[in-house]
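Spelled out, the chains give:
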Amino acid sequence: MTTQLTTTDPAAEPERPPRGRIKRLVLGRPSDPRWARPALWAVLILAAILYSWDLSRNGDANTFYAAAVLSGTESWKAFFYGSLDSASFITVDKPPFAFWVMEISARIFGFNSWSLLLPQAAEGVAAVAVVYAAVRRSVASLTGERGAYVAALIAALALTLTPMVVAIDRDDNPDTMLTLLLALGAWALLESLRAGRVRQDGQGGREGRGHPLLWLVLSGVAFGLAFNTKMLEGFIALPALPIVYLIASGARLRSRIGRLSIAGGVLAVITLSWMTVVDLIPKASRPYVGSSANDTVWNLAVGYNGFGRISGGGFGPGAARTGGSGPVASVAPGGGTGTLGGGVTGGTGGTGGTGVGAFSELAHRAGGALGGGGAGGFGGQAGIGRMFASTLGGQISWLIPFAVIALIATLILIGRRPRTDLARASVLLWGGWLVLEFVVLSFQQGTQHPYYTSAMAPPIAALTGIGAVTLYQAYRRSARWSLVLPAAIAVTGGWAFVLLRRTPNWNPWLPWTVAGATIVAVLALVLGWLRSRRSADPRDGAVTAGRPRRFLTAGRPGRLFAVAGVAGLIAVLAGPAAYSATPLSQTISGSNPLAGPTAGGGFGAGGAGLAGFGGTDAARSGSGTGGYGAGGYGAGRTGAGRTGAGRTGAGRTGADGRAGTEGPTGRPGGAGGYGGLGGTASQQMIAYLEAHRDGATWLIALQGSSAAASIILATGGIPVMAMGGFRGTDAAPTLAQFEQYVKQGKVHYVLTGGRGGLGGGGFGGGSGGTVASVTSWVEQNCSAVPASAYSGAASGGSATSGVAGTAATGLYRCG
């Protein structure tokens with residue numbers, strides 16, 4: 001017989017007088033426990049501090065998206081399309097919904113770090129509040145009313161302290177908005193189920209406010225906007241919602257199907273609205289759809305941002321590319337050398353590291369780094385263990401063991417309740433969401449960044465909160481379930497110890513503190529179980545008239561559980577809390593934000609950092625702060641494993657990855673000063689270009705988005721033509737288009753990339769027939785600008801001393 005948990009509180013609080021709106025906002029409803037609302041505010045304040053403290057240290061964060069936001073403040077056309085530049089030559093690689101919020105903020109307050117990043121932090125805090133509300137309103141039938149508040153608070157705290165959530169909420173990537181929209185969609189579905197339920201307190205009416213269909217439509221709107229934030233990634237959790245609704249709704253089957261059909265229609269309209277409008281506009285009248293194969297949003301959605309992410313075909317690691325003048329950058333684990341386009345050779349990586357030559361936007365843009373097919377970009381090797389491996393383990397996996405145990409145990413404890421039981425629906429929804437995200441993100445073959453896992457954080461947090469209360473109540477009431485809670489704490493605390501020991505030089509006392517707290521919590525729970533077992537009535541734990549007897553009574557076992565509770569919180573949350581605190585004092589990488597001891601260093605925790613890519617030697621073992629975040633893409637010496645702060649391009653770069661010219665100091669916290677690696681413009685060159693713009697629409701044309709974005713930011717929003725777009729391989733512009741731009745006086749200056757660097761072959765080809773042909777035409781038909789014109793004197797044996805980051809680049813004047 002399955003154990004059933006009580007559905008009523010042991011003692012009802014006395015009725016309190018009604019409160020005004022302000023008091024209800026601060027203290028909650030009179031029927032709420034006195035501690036509930038203040039505790040919620042405490043968690044929200046903690047989230048606000050973690051997500052917004054000293055945001056300006058992150059500068060422009062991901063310069064690619066920051067440039068799009070700045071451009072959107074300069075032009076409503078760029079705003080609508082999500083263009084990289086205000087002249088709308090090409091769009092970024094994502095739909096614009098998440099950027100619209102930042103752009104509105106920047107239009108109101110002016111463009112700066114705070115107007116760019118504070119909306120992201122606010123969205124993160126809102127997601128915490130939504131998860132709290134969704135849990136509290138849906139599990140009372142399982143945990144009791146007071147238990148529902150506790151479960152919701154634990155869920156909110158767990159989400160707040162998820163390291164990956166803290167890192168992404170301090171960044172301008174669209175995943176922060178995605179997480180909020182997914183949480184809103186799940187909450188709205190649960191509210192739809194509540195609104196359709198008859199109250200169980202004998203007072204009549206419905207349990208929730210509003211009409212079930214309206215809540216269901218709201219859920220569809222949220223997921224439609226999620227698609228317009230990150231396309232198919234926003235639909236990973238979607239299948240769980242209609243399944244749960246069909247199972248748990250109290251309406252007749254015909255009504256359930258009808259409501260789902262209406263909500264599905266709304267979802268389709270919201271999903272297809274922006275992309276349909278863009279694709280219907282003549283291509284000559286709009287920007288090129290960046291990262292698409294045929295200049296359509298549809299292709300972008302199903303290809304680069306869709307099934308290509310799962311299969312890796314066409315752009316992921318190991319995807320073959322042809323054309324151009326040089327090979328794709330190669331990776332040599334443990335001290336090899338890499339080449340890009342045949343023009344630049346990197347240095348040698350350290351032991352256990354990865355030598356990468358002229359990394360530029362390599363894996364991030366083209367997916368061609370970090371090994372062969374299935375490597376999954378920066379997310380580590382695809383497979384069942386990906387979430388627990390060195391790259392992602394410290395970012396998202398802390399509470400996965402507890403959440404999985406809670407999911408299984410809670411469904412068993414719910415037992416044979418009615419089909420419409422709301423608590424079961426809640427657990428199924430969060431569990432389904434977690435399973436779908438886990439499977440897709442673990443096994444996807446295409447490029448994967450650690451911050452994709454932030455979409456897993458809400459279900460992990462919700463299941464942790466629900467499971468903690470449910471297992472506690474089972475521990476107190478059932479002898480058969482008394483060892484599940486200590487087992488869950490033991491597994492979770494043990495896993496936290498393993499994660500912390502991966503970086504032994506970082507807070508070396510912490511893993512042993514977690515281990516000690518885990519042992520104390522487990523021993524206290526087991527001791528309480530043994531003492532109560534000796535004195536318990538044989539009938540305790542059985543169900544009588546639907547009310548289970550208490551297995552543990554007040555007294556010493558209760559005090560033991562208080563000790564176990566404090567120790568258990570330390571065991572479960574100390575590790576992620578410590579990781580989550582690091583972004584407050586460290587600059588995170590805008591393109592690949594991480595929290596913890598490797599925040600800003602390399603591309604993964606615990607030895608996954610790229611030694612030899614601007615990181616400290618300690619980053620090779622995952623214990624130091626590397627240069628990827630500290631100085632952008634090109635901090636330090638390429639391949640030398642040293643840290644630099646904000647240098648343009650690759651710092652010192654040349655044919656051997658060491659000798660050559662040294663770029664000037666760049667913008668703090670940006671992607672390598674003015675443009676990361678590759679053909680980028682120095683401060684002197686930018687000043688020259690502004691002085692000789694002569695009415696051109698674009699200040700300069702060059703290949704790759706990183707360089708273009710940084711110049712846009714450096715000039716306060718002047719348009720820059722990013723030939724080849726996000727990956728440097730888009731078929732934009734064609735030679736005919738570029739010649740027309742030159743004839744019309746829309747572009748005068750072009751920065752070429754020599755033997756492949758960022759010109760010619762781009763990231764291994766792809767643009768060989770477009771951008772390479774433009775580069776060839778420019779070199780044959782335009783006038784080379786001598787370096788002395790914008791930098792005073794040539795240096796380093798190069799004719800382009802004002803250009804940092806490529807082996808052979810040149811500035812040309814056309815028209």
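This text goes with the structure placed above it.
Overview of the structure. Here the structure is a predicted model, which means the values were calculated and not measured.

Focus: the overall build of the protein chain
Next up, step 1: Across its full length, the protein chain carries 28 helices and 15 strands.
Next up, step 2: Residues classed as buried in the protein chain amount to 62% of the 815 residues present.
Next up, step 3: The long-range fraction of contacts in the protein chain, counting pairs at least 24 apart against all pairs at least 6 apart in sequence, stands at 70%.
Next up, step 4: For the protein chain, the accessible surface area stands at approximately 28000 Å², while carbon and sulfur atoms represent 61% of it.

Observations concerning helix α3 (residues 63–74)
Next up, step 1: Look at α3: 16 Å from first C-alpha to last across twelve residues, which is about the 16 Å you get at 1.5 Å a residue.
Next up, step 2: Most of α3 sits inside the fold, with eleven of its twelve residues counted as buried.
Next up, step 3: Those residues of α3 that fall on the buried side of the exposure criterion are Thr63, Phe64, Tyr65, Ala66, Ala67, Ala68, Val69, Leu70, Ser71, Gly72 and Thr73.
Next up, step 4: One side-chain oxygen at the N-terminal end of α3 lies 3.1 Å from the backbone nitrogen of Phe64; it belongs to Asn62.

Considerations on the state of the cysteines
Next up, step 1: One pass over the full model with this rule turns up one disulfide.
Next up, step 2: The disulfide bridge from Cys782 ends at Cys814, spanning 2.0 Å between sulfur atoms. Given an S-S torsion of about 105°, the disulfide between Cys782 and Cys814 has right-handed geometry. Taken together, the positions of Cys782 in the loop between α27 (771–781) and β13 (783–784) and Cys814 in the segment after β15 (810–813) put the pair 32 residues apart, joining distant regions of the chain.

Some points on a nonpolar patch on the surface
Next up, step 1: On the surface, a nonpolar cluster with roughly 790 Å² of combined accessible area is contributed by Ile22, Leu25, Val26, Leu27, Trp41, Ile45, Ile49 and Trp53.
Next up, step 2: Going through the elements one at a time, α1 (21–27) and α2 (36–52) are the ones with two or more residues in the nonpolar patch.
Next up, step 3: Position of Leu25 relative to the elements: it lies in helix α1.
Next up, step 4: Exposure remark for Leu25: the relative accessible area of 48% places this residue in the partly exposed category.

Focus on the environment of Trp398
Next up, step 1: Inspection of the secondary structure assignment puts Trp398 in the loop between α16 (393–396) and α17 (400–414).
Next up, step 2: Between the C-alpha atom of Trp398 and that of Gly494, which follows or precedes it by 96 residues, the distance is 10.0 Å.
Next up, step 3: Not counting chain neighbours up to four residues away, the residues in contact with Trp398 comprise Pro163, Gly393, Thr492, Trp495, Ala496, Leu499, Leu500, Gly575, Pro576 and Tyr579.
Next up, step 4: There is a polar contact of 2.7 Å between the side chain of Trp398 and the backbone oxygen of Gly394.

Here is what the cut-offs are and how they apply
Residues numbered from 1 in each chain as written. Predicted model: local features only at pLDDT ≥ 70, side-chain atom pairs only at ≥ 80, totals over all residues. Heavy atoms only, no water. Helix = DSSP H or I, 4+ residues; strand = E, 2+ residues; numbered from the N terminus. Buried < 20%, exposed > 50% of the residue type's maximum accessible area, 1.4 Å probe, protein only. Contact = heavy atoms within 4.5 Å. Areas by Shrake-Rupley, 256 points an atom, 1.4 Å probe, with all protein chains shown as cover. Expected span 1.5 Å × (residues − 1). Polar contact = N/O pair within 3.5 Å; in protein donor to acceptor, adjacent residues only side chain to side chain. Disulfide = S-S within 2.5 Å. Patch = residues over 30% accessible without salt bridge, like charges linked within 9 Å, V, L, I, M, F, W, Y side chains within 5 Å. Salt bridge = Lys/Arg side-chain N within 4 Å of Asp/Glu carboxyl O.

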